Amino acid sequence: MLLVKKHLLLLLLFISSIQFCLGQLSWSGGTTPLQTQGGTILINLTGTPLAGATGTLYAHTGVTLNGTLWQNTIGTWGNNATQPTLTKLATDQYQLVITPSVMGYYEVTTGSIAMISIVVRNAAGDVKTADMFLNVVPFDLNLISPTAGSTIFRTSGSVSVTA
């Protein structure tokens, strides 16, 4: 019985630590923006190969456009002049400001953006995180009947419709 408890404890510790091994992305304020809105991405590098990094860090970043990963990437891998520089907030905590909108930042003129893709790297490009992804809301659906503008549904929600 003691052996089972020990294995169960180890399994729980392993599962709870997985999130820290991959890094974490989130939207500042906790609200996922529409692709037509901007926002600030918070990046937690705890447990990644870049944990404790002291130099400048860069983002290799693109979007999932019309279902295809890594489209409209900014710059080329390892080019510090063309890839976004991250702003350090605290140890292992960084941010990337997406402005004026997700579409504008990634120079997307048409299509549906579902996610932002990011790999964080050091200046030399020899230390990096795994691929990280953060959702974006492609569009809102605004129903105008029975009352104009009374109901708004985000694509990430669900709605039951009966006729």
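Relevant structure appears above.
Keep in mind the model is a prediction, meaning the values are calculated, not measured.

Asker: Now, about the sheet that holds strand 5 (residues 87-90): what can you tell me, with residues and values included?
Answerer: Across the sheet, four strands lie side by side as 1-2-6-5; this open sheet has antiparallel pairing. Two strands bound the open sheet, and with one partner strand each, they are strand 1 (24-27) and strand 5. Within this sheet the neighbouring strands show an average axis-to-axis angle of 30°, counted without direction. Relative to strand 6 (residues 93-98), strand 2 (residues 39-44) is paired through six bridges, and the arrangement is antiparallel. Counted as the bridge partner of Thr-40 is Val-97 from strand 6.

Asker: Please provide a residue-by-residue account of the packing of aromatic side chains, values included.
Answerer: Under the counting rule described, the total for this entry stands at one aromatic pair. Ring plane angle 75° and centroid distance 5.1 Å describe the contact between Tyr-105 and Tyr-106, whose orientation is recorded as edge-to-face. In this pair, the class of Tyr-105 matches that of Tyr-106, namely buried. Positioned above the aromatic ring of Trp-77 is the side chain of Lys-128, whose terminal nitrogen or guanidinium carbon lies 5.9 Å from the ring centre.

Definitions and limits used
Residues numbered from 1 in each chain as written. Predicted model: local features only at pLDDT ≥ 70, side-chain atom pairs only at ≥ 80, totals over all residues. Heavy atoms only, no water. Pairing = 2+ DSSP bridges. Helix = DSSP H or I, 4+ residues; strand = E, 2+ residues; numbered from the N terminus. Axes fitted to C-alpha atoms, helices over the stretch in contact; angles between N-to-C directions. Phe/Tyr/Trp six-rings, centres within 6.5 Å; stacked < 30°, edge-to-face > 60°. Buried < 20%, exposed > 50% of the residue type's maximum accessible area, 1.4 Å probe, protein only. Lys NZ or Arg CZ within 6 Å of the ring centre and 35° of its normal.

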